[in-house]
Amino acid sequence: MAVSSKNPSNLPHPTPKTGLKQKAGDLLGPLVLLGPAGLWLLLLLVLPTLVIFELSLVENIRPGDVVIPDGIANYLRVFDPINLQVIGRSLFYALGTTVFCLILGFPVAYWIAINAPSRWRNLLLLGFVLPLWTSSLLRTYAWITILRPTGVLNSFLGFLGLPALELLNRTPAVLIGMAYSYLPYIVTVLYAALEKLDRRLLEASADLGAKPTETFWKVTVPQSRAGIAAGSLLVFISALGDFVDPELLGGASSMTVSRLIYNQFLGATQNWGFGSALSMVLIMGVSIAIALLLKYGDGRPSK
């Protein structure tokens, strides 16, 4: 018997989902996808942060003491002049590293994205990412070998008849090491932004008689502003919590927030309450930077 193609009566009709089942399905799908990551963040980020916040409200607490929150004395101690000096030094290192990375990284990223042959771009980017494949501690010890008084740099300067430089255990050594550590990050982010640059605008600017500097400031920078913001904030966030470079390249005079927090938890002072308060201040500063990164570093070129 022939069956009509328009109304095949022998095929079962799908049962439409009720409103309650549809809502349950719409809710269950995202929970299944986001559940493992959400549980991971809850156990390893949210809950430890809440524990640190609770400890920050207890004054002079040590390992084994009963946790009874009693005020904000630890946060008030953060504003002591000596602690503000440490925080200011950390901000200076982070800002200085960001500026150096931006100055050094933008021309490199621009050349790779605009001028380098397309077949070589991936290889050139790989060359900048390769240092990240080695240990940060190993890279820092390499800089100690280069910058120490009898190191490679001063030996080369002596060969040229130039005076030796005292860089190790000083601020320049810290900035050099931190800029070297975070330069690959900003180069890759800037390259991703500059690769999307509208070349027709560059050609139109040149055809209208604009100088290269005018084209750079009025065309290239506005078009890549999101990438500049994303790369700069990424470097700033990473440099603000850097522990290895200031500790090994800066010496005892380069105390940073990370080192101060370490001293409160694992050093001789053993003041977990104050260390937790410093940690919460650092977390708040990084959170503000991340919020700015999400707002201004979306990667879309500005028009």
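Residues numbered from 1 in each chain as written. Predicted model: local features only at pLDDT ≥ 70, side-chain atom pairs only at ≥ 80, totals over all residues. Heavy atoms only, no water.

Peer 1: Go over the packing of aromatic side chains with me, naming the residues and quoting the values.
Peer 2: If you walk through the whole model with that rule in mind, you get 7 aromatic pairs. Taking 5.6 Å as the distance between ring centres and 75° as the angle between the ring planes, the aromatic pair formed by W143 and Y180 counts as edge-to-face. Taken together, the residues W143 in helix α5 (residues 136-147) and Y180 in helix α7 (residues 171-194) connect sequence positions 37 residues apart. With relative accessibility at 33%, the residue Y180 sits in the partly exposed group. Aromatic pair F243 and Y262: ring centres 5.6 Å apart, planes at 50°, arrangement tilted. Residue F243 is located in the loop between α10 (225-240) and α11 (244-250), and its partner Y262 is located in helix α12 (residues 257-266); the two are separated by 19 residues in the primary sequence. F243 gets classed as partly exposed once you look at its relative accessible area, which sits at 30%. Of the aromatic side chains, those joined through ring pairs into one cluster are F106, F216 and W217. When the ring centre of F274 is taken as origin, the NZ or CZ atom of R77, which lies over that ring, is 4.2 Å away. (Phe/Tyr/Trp six-rings, centres within 6.5 Å; stacked < 30°, edge-to-face > 60°. Helix = DSSP H or I, 4+ residues; strand = E, 2+ residues; numbered from the N terminus. Buried < 20%, exposed > 50% of the residue type's maximum accessible area, 1.4 Å probe, protein only. Lys NZ or Arg CZ within 6 Å of the ring centre and 35° of its normal.)

Peer 1: I'd love a proper account of the nonpolar core, names of residues and values included.
Peer 2: C101, I186 and L249 are the most contacted members of the largest nonpolar core, which totals 51 residues. Contributions of two or more residues to this core are made by α2 (73-78), α3 (81-115), α5, α7, α9 (212-223), α10, α12 and α13 (272-296). Ranked by residues supplied to this core, first place goes to α7 with 12 residues. Excluding anything up to four places from it in sequence, L249 contacts T140, W143, I144, L168, N169, R170, A173, V174 and G177. (Core = buried A, V, L, I, M, F, W, Y, C linked by side-chain atoms within 4.5 Å. Contact = heavy atoms within 4.5 Å.)

Peer 1: So what's going on with the pattern of salt bridges? Residues and values would help.
Peer 2: Evaluation of the coordinates by the stated rule reveals 3 salt bridges. A salt bridge links R200 to D198, with the nearest nitrogen and oxygen atoms 3.1 Å apart. On the basis of relative accessible area, R200 is assigned to the exposed category, the value being 63%. Take D198: its relative accessible area is 21%, and that puts it in the partly exposed class. Across the salt bridge formed by E247 and R259, the nearest N and O atoms sit 3.6 Å from each other. (Salt bridge = Lys/Arg side-chain N within 4 Å of Asp/Glu carboxyl O.)

Keep in mind these numbers describe shape, not what the thing actually does.
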